[in-house]
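Residue-level structure breakdown
Now for the letters of each chain:
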Amino acid sequence: MEELFSGMDLYLKTLWIIALAVSLVFVIQVILTFIGMDGSDGVDVDFDGHADVGATPFQLFSLRNLTNFLLGFSWGGIAFYDSISNKVVLSLVALLIGIGMLFLFFFIIKQIMKLSQNNAMDLNSAVGETCEVYLTIPENGKGKGKVHVKVNQTLRELDAMTEGEKIPTGSIVKVVAVINETILKVEKI
């Protein structure tokens, strides 16, 4: 390993050490993510940066974000080392690449979060909706029928009861309440 670093100046050696160490941490994070052990990065900091970034699933200051920044910084510095001879300019370019890696990570996570959805059906959201009777609803709560109603933008077939007269198939009704969290109470329009 010493032969690898023997001809390098201190700046390039530092970039390589950072790149190799952070790449190892990154590989470990990826492996832990794939086996489902990435719930926390294990670092609790007693720091309140007041960085309100909205409803995000990640903190601004975390081990994962530091890893992403250092990956971009170190590998960016190594990639442009031969092209940019001025170390200050090289450091600024590497810094911008590191910040770019952070924004790329934030963007990817934001896009992934758009894919998540809540598939739990809330029958209370059907109250006030009009729907069509699919199976006749017996009078005065003497039994259940079925209706087709839109719940959470999805057409569902659900049990329904009424306190009025019998409602035949094909009638249009309005949902007025939810009974026992499973049955819709409807009335004829």
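The notes below deal with the structure included here. Owing to the predicted nature of the structure, the values given are computational and were not obtained by experimental measurement.

Quick look at the overall build of the chain
Scanning the chain from N- to C-terminus turns up four helices and five strands. When the helices and strands of the chain are read in sequence order from the N terminus, they spell out α-α-α-α-β-β-β-β-β. Counting over 189 residues, the chain shows a buried share of 27%. Of the contacts made within the chain by residues no fewer than 6 positions apart, 54% connect residues no fewer than 24 positions apart. Summing over all exposed atoms, the chain offers an accessible surface of approximately 12700 Å²; the carbon and sulfur share of this is 61%.

Looking at the pattern of salt bridges
A full pass over the atoms with the stated rule returns four salt bridges. The partner of Lys 87 in a salt bridge is Asp 9, with the nearest N and O atoms 3.9 Å apart. Of this pair, Lys 87 sits in helix α4 (residues 87–115) while Asp 9 sits in the loop between α1 (2–5) and α2 (10–34), placing them 78 residues apart in sequence. The class of Lys 87 is partly exposed, set by a relative accessible area of 30%. The salt bridge partner of Glu 163 is Lys 185, with a shortest N-O separation of 3.1 Å. On the criterion of sequence distance, the pair formed by Glu 163 in the loop between β3 (154–161) and β4 (172–179) and Lys 185 in strand β5 (residues 183–188) is long-range, its members being 22 residues apart.

Brief notes about α2
An ideal rise of 1.5 Å per residue puts 36 Å on 25 residues; α2 measures up with 36 Å between its terminal C-alpha atoms. What α2 keeps buried is the set Leu 12, Leu 15, Ala 19, Val 22, Ser 23 and Gln 29. Considering only its buried residues, α2 is in contact with α3 (63–79).

Focus on the sheet that holds strand β1 (residues 130–135)
Within the closed barrel, the five strands sit side by side as β1-β2-β3-β5-β4. Their pairing is mixed. Here the average twist between neighbouring strands, direction ignored, is 55 degrees. For β4 and β5, the ladder comprises six bridges, and the chain directions are antiparallel. Of the residues in β5, the one forming a bridge with Val 175 is Val 186.

A look at the nonpolar core
With 15 residues, the main nonpolar core has Ile 137, Val 147, Val 149, Val 173, Leu 184 and Val 186 as its most contacted residues. Where this core is concerned, the elements lending two or more residues are β1, β2 (145–151), β3, β4 and β5. The element contributing the most residues to this core is β2, with three residues. Aside from chain neighbours lying at most four places away, what touches Val 186 is Ile 137, Ala 160, Met 161, Thr 162, Ile 167, Val 173, Lys 174, Val 175 and Val 176. Within the second largest apolar cluster, 13 residues are counted, among which are Leu 15, Ala 19, Leu 90 and Leu 102.

Details of the packing of aromatic side chains
Ring pairs (aromatic) are described by centroid distance and by the angle formed between their planes. One pass over the full model with this rule turns up four aromatic pairs. Ring plane angle 85 degrees and centroid distance 6.5 Å describe the contact between Phe 103 and Phe 106, whose orientation is recorded as edge-to-face. Of the two residues, Phe 103 and Phe 106 both sit in helix α4, three residues apart, roughly one turn of that helix. On the basis of relative accessible area, Phe 106 is assigned to the buried category, the value being 17%. Geometrically, the ring pair formed by Phe 105 and Phe 106 is tilted, given 6.3 Å between the ring centres and 50 degrees between the ring planes. Residue Phe 105 shares its accessibility class with Phe 106, and that shared class is buried. By way of ring pairs, the aromatic residues Phe 103, Phe 105 and Phe 106 are connected into one cluster.

The rules we used
- Residues numbered from 1 in each chain as written.
- Predicted model: local features only at pLDDT ≥ 70, side-chain atom pairs only at ≥ 80, totals over all residues.
- Heavy atoms only, no water.
- Helix = DSSP H or I, 4+ residues; strand = E, 2+ residues; numbered from the N terminus.
- Buried < 20%, exposed > 50% of the residue type's maximum accessible area, 1.4 Å probe, protein only.
- Contact = heavy atoms within 4.5 Å.
- Areas by Shrake-Rupley, 256 points an atom, 1.4 Å probe, with all protein chains shown as cover.
- Salt bridge = Lys/Arg side-chain N within 4 Å of Asp/Glu carboxyl O.
- Expected span 1.5 Å × (residues − 1).
- Pairing = 2+ DSSP bridges.
- Axes fitted to C-alpha atoms, helices over the stretch in contact; angles between N-to-C directions.
- Core = buried A, V, L, I, M, F, W, Y, C linked by side-chain atoms within 4.5 Å.
- Phe/Tyr/Trp six-rings, centres within 6.5 Å; stacked < 30°, edge-to-face > 60°.

These results come straight from atomic positions and should not be treated as a statement about function.
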